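Structural characterization, general
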Amino acid sequence: PPLRRPQGLFEFLRTVRANPLATWMEEHFTASVMAGEGVLGRITVVSEPALIRHVLVENAAGYRKDDLQRRVLAPGLGEGLLTAEGEAWRLQRRTLAPIFSLRTVRGFEAAMNAAGERLARRLVRRAGTRIDVAQEMTRVTLDVLERTIFTNGPQNDPDALARAITRFLESVGPIDPLDVFGVPDFVPRLGRLRARPAIRYFAEIVEALIARRRAVMAAGEAPQDLLTLLLAAQDPETGEGLSDLDVSANIVTFIAAGHETTANALTWTLYCLSQDPGALARLEAEVEAAADAEGRFTIERLPFAKAVIEETLRLFPPAAILSRQALKPDRLGRVKVPQGSVVMVSPYVLHRHRALWEDPAAFVPERFLGAAREAIPRFAYLPFGAGPRVCIGQSFSLQEAVIVLAHVVRAVRLALPGDHPPVIPVQRVTVRPQHGLRMDAMRR
Ligand code: HEM
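This report concerns the structure included in the present document. (Residues numbered from 1 in each chain as written. Predicted model: local features only at pLDDT ≥ 70, side-chain atom pairs only at ≥ 80, totals over all residues. Heavy atoms only, no water.)

Side note on the coordination of the iron atom of the ligand
Inspection of the coordination sphere of the iron atom of the ligand shows a single protein donor, C391 (SG), at 2.3 Å. With respect to the element layout, C391 can be found in the loop between helix 16 (370-374) and helix 17 (394-411). (Donors = N, O, S within 2.8 Å, 3.2 Å for Na, K, Ca; no water. Helix = DSSP H or I, 4+ residues; strand = E, 2+ residues; numbered from the N terminus.)

Take a look at the structure:
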């Protein structure tokens with residue numbers, strides 16, 4: 001994005017609305033801490049690993065997620081893990097942690113392979129044509145969520161659920177200026193009013209699914225998917241389970257937090273690979289060798305694919321900003337953080353920071369292999385955040401992205417057409433290519 005300082009308030013707001021990534025200036029990519037007084041109050045941007053560790057881990061109790069995130073997300077997501085705060089969050093996190101343990105996530109390998117195979121069949125059928133890659137990656141991540149959350153949806157009609165999810169997600173619209181300026185919640189927002197029917201419709205579907213699943217569980221015949229695990233989950237300290245409302249809020253949260261993020265990670269990965277024939281050839285060789293007799297994959301056998309995904313998450317982190325509000329005054333190096341002000345860590349800026357990365361703009365998956373990987377400072381690479389609020393779906397999404405990528409690479413080769421509009425990252429809810437991504441598919 002252009003690194004030109006927006007001139008005046010109006011242009012700044014227009015830039016934020018069009019693409020927040022375009023508000024980062026050259027100096028953000030070299031400074032360790034920058035504080036500014038703007039229309040949104042005081043904001044401190046921090047890119048120094050030790051100071052990030054202080055904000056996200058050591059002094060995590062001195063911060064909370066900022067109000068803007070809550071205002072934007074809570075109307076659609078309810079009080080799930082992403083939006084809850086304080087004791088409500090702690091209780092949910094304790095209860096949900098085992099559901100995303102490595103062991104449980106491994107149990108979803110078959111579902112992820114099935115979704116990958118379905119996508120590969122679709123791509124092979126359409127070889128020789130131009131494919132909307134962003135749309136296909138969205139479809140496959142929804143397919144994975146359906147297979148892992150609901151084991152194929154209501155009344156065995158996966159498409160009905162996909163339609164409901166899509167309608168719901170489309171309703172979670174762009175950031176409302178009233179939220180940006182902290183206008184109280186009782187003032188109606190047009191976007192929120194418009195979104196209400198889709199949110200209610202989706203909530204009803206989830207409610208019905210929960211009721212049906214409770215009945216199946218009572219009969220001892222439930223599939224071991226996320227819905228069953230959520231309904232059976234118990235707080236390890238008190239032994240209590242989640243209420244139906246909590247279960248429903250977290251189902252919606254997993255879908256919203258886990259779908260577009262992973263879809264964009266895969267989209268950017270296919271773009272990066274189309275620009276790097278050497279990396280693609282190495283990946284194709286690894287994938288051929290890793291496939292089992294049925295053509296299925298496990299993440300352990302795909303270390304280079306994992307490095308490719310991790311390097312893509314460096315250049316195009318789907319969650320471009322982690323934002324916190326100081327509960328009490330703090331200090332970051334020489335910079336004072338007043339109580340109530342906002343501290344931001346931008347994985348996008350951090351991952352391209354000149355002091356932290358050699359040749360930051362280059363796509364080099366080898367950064368994430370062996371000794372090179374070990375040398376990356378822990379707080380220089382944060383696609384999934386860090387500290388108590390680190391992404392709970394991290395292993396889930398890495399495993400999903402690696403397995404799906406392997407199926408795509410084995411099925412087709414994708415090339416960026418010469419007449420494609422420039423592939424520029426824009427930050428909407430997540431970071432995606434401004435004009436989408438369409439590529440020519442050739443059968444392998
Ligand atoms: C939190 C990124 C996939 C569920 C987060 C955070 C980040 C993130 C950066 C921390 C936000 C903060 O500290 O302010 C990503 C990326 C993904 C991904 C880049 C894919 C490439 C998933 C998946 C799921 C998920 C697949 C669930 C199935 C969550 C939840 C939280 C979260 C529930 C809130 C955790 C808490 O506050 O305790 N994610 N995520 N994410 N993510 Fe993910």
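Looking at the packing of aromatic side chains
For any pair of aromatic rings, geometry is given as the distance between the ring centres together with the angle between the planes. Taken as a whole and judged by the stated rule, the model has eight aromatic pairs. With a centroid separation of 6.5 Å and 75 degrees between ring planes, the pair formed by F29 and Y348 is classed as edge-to-face. With a gap of 319 residues between them, F29 in the loop between helix 1 (8-18) and strand 1 (33-38) and Y348 in helix 15 (residues 347-350) connect regions that are remote in the sequence. Just as F29 is buried, Y348 falls in that class too. Considering the side-chain rings of W268 and F316, the 3.8 Å spacing of their centres and the 5 degrees angle between planes classify their relative orientation as stacked. Note that W268 is positioned in helix 12 (residues 244-274) and F316 in the loop between helix 14 (303-315) and strand 5 (322-326), a separation of 48 residues in sequence. Residue W268 is classed as buried on the basis of its relative accessible area, which comes to 1%. The structure contains a cluster of three or more aromatic residues connected by ring pairs, namely F100, F108, F254 and F396. If you follow R352 out to its NZ or CZ, it ends over the ring of F316, 5.4 Å from the centre. (Phe/Tyr/Trp six-rings, centres within 6.5 Å; stacked < 30°, edge-to-face > 60°. Buried < 20%, exposed > 50% of the residue type's maximum accessible area, 1.4 Å probe, protein only. Lys NZ or Arg CZ within 6 Å of the ring centre and 35° of its normal.)

Looking at the site of the ligand
Neighbouring the ligand are 26 residues; W89, R93, R324, R389 and C391 lie closest to it. A distance of 2.8 Å separates an oxygen atom of the ligand from a polar atom in the side chain of W89. R324 places a polar side-chain atom, nitrogen or oxygen, 2.7 Å from an oxygen atom of the ligand. Contributing elements (two or more residues each) for the shell around the ligand: helix 4 (86-96), helix 12, strand 5 and helix 17. Looking at the shell around the ligand element by element, the count peaks at six residues for helix 12. (Near = heavy atom within 4 Å. Polar contact = N/O pair within 3.5 Å; in protein donor to acceptor, adjacent residues only side chain to side chain.)

Points about the nonpolar core
M137, I251, I255, F396, L405 and V408 are the most contacted members of the largest nonpolar core, which totals 105 residues. Each of domain 1 (1-65 + 323-357) and domain 2 (68-319 + 383-443) contributes no fewer than three residues to this core. In contact with F396, not counting residues within four places along its chain, are F100, V105, F108, M112, V144, L145, T148 and L226. (Core = buried A, V, L, I, M, F, W, Y, C linked by side-chain atoms within 4.5 Å. Domains from an automatic or database assignment. Contact = heavy atoms within 4.5 Å.)

Thoughts on the packing of helix 7 (residues 133-150) against helix 17
Where helix 7 contacts helix 17, the axes come no closer than 11 Å and their chain directions differ by 125 degrees. Viewed along their axes, helix 7 and helix 17 adopt a mutual orientation that is oblique. Seen along the crossing, helix 7 lies across helix 17 with a hand that is right-handed. Of the residues in helix 17, those touching helix 7 at M137, V140, T141, V144, L145 and T148 are F396, E400, V404 and V408. Among the residues making up the contact of helix 7 with helix 17, the classes are represented as seven nonpolar, two polar and one charged. (Axes fitted to C-alpha atoms, helices over the stretch in contact; angles between N-to-C directions. Parallel < 35°, antiparallel > 145°, perpendicular 65-115°, else oblique. Left-handed = near helix turned anticlockwise from the far one by under 90°. Nonpolar A, V, L, I, M, F, W, Y, C, P; charged D, E, K, R; others polar.)

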